[in-house]
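# Structure at a glance
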Amino acid sequence: MKQQLGIPSAQEQLLDCYTQQAEQFRHTRKKPWPEMEHIITALSSLPNTHTQSTYAHTAAVWSATPTHIVWDVWCGAGRCFPLLQDALPWLDYTGIDFSPSFVELARQEYPAATFVCQDMISFLQAQPSQSSNAIIGVASIQHLPTHLDRARFFVESYRTLAYWGSLILVNRSFSEWFFSTYTWPFVEALLYRALSLW
């Protein structure tokens, strides 16, 4: 109905926003989140041996993979890449974002990395089963506008991850910084709201 009335979808609105704001977003998001340490720790603990899988196909995929394949969904301008490259140089990194502006900025800044301009669900659907060691997403899942899209993302992530693979999602609103900064104002607002209802 919205498309019939000429109203852009949520994805189209988001793409338009990021196309217009890509340069500004890149500059305001240069500083890495503290949560990146947790991502690096999780990625560094991925199994180094390819014999741990009980599934022959997965073992074959892993034994044919000298490095760990990591997909960064909704990678923006690629800010995770230099941190991961410095800490874990054996990772085979691919960044995926549906904004051509972000992907172009990422390719210019980090020519050694691979960046794909595609939405995350379509990218995952095009990949073979059990073909990635890890999928990371920093502030990404909230950009999927419907519950169905989010369900598809989780289904495809599960399908494409190797048996010992990891899906690592970080969302800012649930970060340690958020809680340490906003816990009391949040509780205060809840109490105020509760008391105002009496």
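The structure this text deals with has already been given above.
The structure contained in this document is the topic of the report that follows.

On to the overall build of the protein. Within the protein one finds 8 helices and 5 strands. Looking at the protein as a whole, 39% of its 198 residues are labelled buried. In the protein, once contacts between residues fewer than 6 apart in sequence are set aside, the share between residues at least 24 apart is 70%. When the accessible surface of the protein is summed, it comes to about 11600 Å², and 60% of that surface belongs to carbon and sulfur atoms.

Bringing the packing of aromatic side chains into the picture now. Under the definition given, this model contains 7 aromatic pairs. Both rings, one in Phe-153 and one in Phe-154, keep their centres 5.4 Å apart while their planes meet at 65°; by these two values the pair is edge-to-face. Judged by its relative accessible area of 0%, Phe-153 is buried. Put simply, the rings of Phe-81, Tyr-93, Tyr-110 and Phe-115 pair up and form one aromatic cluster.

Following the sequence through the fold, Val-116 ends up in strand 3 (residues 114-117). For Val-116, a relative accessible area of 22% corresponds to the partly exposed category. In this structure, the C-alpha to C-alpha distance between Val-116 and Trp-74, residues 42 residues apart in sequence, is 10.0 Å.

What follows deals with the side chain of Asp-72. Within the secondary structure layout, Asp-72 lies in strand 1 (residues 68-73). One buried charge, Asp-72, has no salt-bridge partner; the nearest side chain with opposite charge is Arg-79, at 7.5 Å. Residues in contact with Asp-72, not counting those within four places in the same chain, are Cys-80, Tyr-93, Thr-94, Gly-95, Ile-96 and Ile-136.

What follows concerns the nonpolar core. Within the largest apolar cluster, 22 residues are counted, with the highest numbers of intra-cluster contacts made by Ile-39, Leu-43, Leu-84, Tyr-93, Phe-115 and Ile-136. When near neighbours in sequence (up to four residues on either side) are disregarded, Tyr-93 contacts Val-70, Asp-72, Cys-75, Gly-78, Phe-81, Leu-84, Ala-113, Thr-114 and Phe-115. Core analysis: the second largest hydrophobic core is formed by 15 residues, Trp-71, Val-73, Met-120 and Ile-141 among them.

Tracing the chain through its elements places Tyr-93 in strand 2 (residues 91-97). With 20 residues separating them along the chain, Tyr-93 and Ala-113 place their C-alpha atoms 6.5 Å apart.

Before going further, it helps to examine the environment of Tyr-158. Residue placement: Tyr-158 occurs in helix 7 (residues 147-160). Measuring from C-alpha to C-alpha, the distance between Tyr-158 and Gln-130 comes to 8.2 Å, with 28 residues separating the pair along the chain.

Turning our attention to the pairing of strand 2. Of all the 7 residues making up strand 2, 6 are buried; the element is thus mostly covered by neighbouring parts of the structure. When strand 1 meets strand 2, the two strands line up parallel, connected through 6 bridges. Bridging from a neighbouring strand, His-68 pairs with Leu-91 of strand 2. For the crossover from strand 1 across helix 4 (residues 80-87) to strand 2, the handedness is right-handed.

Turning our attention to the sheet that holds strand 3. The strands making up a sheet associate through backbone hydrogen bonding, with each pair oriented either parallel or antiparallel. Strands sit in the order 3-2-1-4-5 across an open sheet of 5 strands; the sheet is parallel. Each having just a single partner strand, strand 3 and strand 5 (161-170) make up the two edges of the open sheet. Each neighbouring strand pair of the sheet contributes to a mean axis angle of 20°, computed without reference to strand direction. Set on the sheet, helix 5 (residues 100-109) makes contact with strand 2 and strand 3; between it and strand 3 the angle comes to about 165°.

By the definition in use, this model includes 2 salt bridges. The closest approach of N and O atoms between Arg-159 and Glu-156, which form a salt bridge, is 2.8 Å. Of this pair, Arg-159 and Glu-156 both sit in helix 7, 3 residues apart, roughly one helical turn. A relative accessible area of 13% places Glu-156 in the buried class.

About the thresholds
- Residues numbered from 1 in each chain as written.
- Predicted model: local features only at pLDDT ≥ 70, side-chain atom pairs only at ≥ 80, totals over all residues.
- Heavy atoms only, no water.
- Helix = DSSP H or I, 4+ residues; strand = E, 2+ residues; numbered from the N terminus.
- Buried < 20%, exposed > 50% of the residue type's maximum accessible area, 1.4 Å probe, protein only.
- Contact = heavy atoms within 4.5 Å.
- Areas by Shrake-Rupley, 256 points an atom, 1.4 Å probe, with all protein chains shown as cover.
- Phe/Tyr/Trp six-rings, centres within 6.5 Å; stacked < 30°, edge-to-face > 60°.
- Lys, Arg positive; Asp, Glu negative; His and termini not counted.
- Salt bridge = Lys/Arg side-chain N within 4 Å of Asp/Glu carboxyl O.
- Core = buried A, V, L, I, M, F, W, Y, C linked by side-chain atoms within 4.5 Å.
- Pairing = 2+ DSSP bridges.
- Right-handed = clockwise from strand over helix to strand, strands pointing away.
- Axes fitted to C-alpha atoms, helices over the stretch in contact; angles between N-to-C directions.

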